[in-house]
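Overview (structure and organization)
Here is how the chains run, residue by residue.
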Amino acid sequence: PNFLFAYVNLANAQFEFKLYDVAINNYKKALSINKKFIPAYSNLFGAFKKIRKYNGAVKCCDEIIKIDNENINAYLDKGDILMLLKKYKNAIEC
């Protein structure tokens, strides 16, 4: 069986309860099933941002951009994180 949506839904519930590390693991499990599932990357981004793992958040944005290079939110989110990392030139280029 394909547990993609089960992992994402479980992770979303864990995120709501602020169990970010556990949610991250389940988003990653979902992505191991479908590496192009943008909603899992978006939510994984949010979890990384909440726990201030900004490099992981940037990687999520990069993956979304690889899948859909017209995804404006991925560029905006990446720029925001790069600003938090004080990588101003990269943020502007983003």
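Preceding this paragraph is the structure being described.
Our subject in this report is the structure included herewith. (Residues numbered from 1 in each chain as written. Predicted model: local features only at pLDDT ≥ 70, side-chain atom pairs only at ≥ 80, totals over all residues. Heavy atoms only, no water.)

A short note on the packing of aromatic side chains
- Applying the stated rule across the entire model yields 3 aromatic pairs.
- Ring centres of Phe-3 and Tyr-7 lie 6.4 Å apart, and the angle between their planes is 70°; this geometry places the pair in the edge-to-face category.
- Accessibility expressed as a relative area gives 42% for Phe-3, which makes it partly exposed.
- Considering the side-chain rings of Phe-15 and Tyr-20, the 5.1 Å spacing of their centres and the 75° angle between planes classify their relative orientation as edge-to-face.
- Exposure remark for Tyr-20: the relative accessible area of 13% places this residue in the buried category. (Phe/Tyr/Trp six-rings, centres within 6.5 Å; stacked < 30°, edge-to-face > 60°. Buried < 20%, exposed > 50% of the residue type's maximum accessible area, 1.4 Å probe, protein only.)

A closer look at the pattern of salt bridges
- What the rule picks out here adds up to 3 salt bridges.
- Here Lys-78 ties to Asp-62 by a salt bridge, and the two come within 2.6 Å at their closest N and O atoms. Residue Lys-78 is found in helix H5 (residues 72-84), and its partner Asp-62 is found in helix H4 (residues 54-67); the two are separated by 16 residues along the sequence.
- Overall, the relative accessible area of 27% leaves Asp-62 in the partly exposed class.
- With a closest N to O distance of 3.9 Å, Glu-93 and Lys-89 form a salt bridge. Taken together, the positions of Glu-93 and Lys-89, both in helix H6 (residues 88-93) and 4 residues apart, correspond to about one turn of that helix.
- For Glu-93, a relative accessible area of 59% translates into the label exposed. (Salt bridge = Lys/Arg side-chain N within 4 Å of Asp/Glu carboxyl O. Helix = DSSP H or I, 4+ residues; strand = E, 2+ residues; numbered from the N terminus.)

Here's the deal with the side chain of Gln-14
- Assignment of secondary structure puts Gln-14 in helix H1 (residues 4-16).
- What makes Gln-14 buried here is its relative accessible area of 12%.
- Excluding its chain neighbours within four sequence positions, the residues that come into contact with Gln-14 are Leu-19, Val-22, Ala-23 and Asn-26. (Contact = heavy atoms within 4.5 Å.)

Structural notes on a nonpolar patch on the surface
- Taken together, the side chains of Phe-17, Leu-19 and Val-22 make up a nonpolar region of the molecular surface, amounting to roughly 310 Å² of accessible area.
- Checked against the element boundaries, Leu-19 lands in the loop between H1 and helix H2 (20-33).
- What makes Leu-19 partly exposed here is its relative accessible area of 44%. (Patch = residues over 30% accessible without salt bridge, like charges linked within 9 Å, V, L, I, M, F, W, Y side chains within 5 Å. Areas by Shrake-Rupley, 256 points an atom, 1.4 Å probe, with all protein chains shown as cover.)

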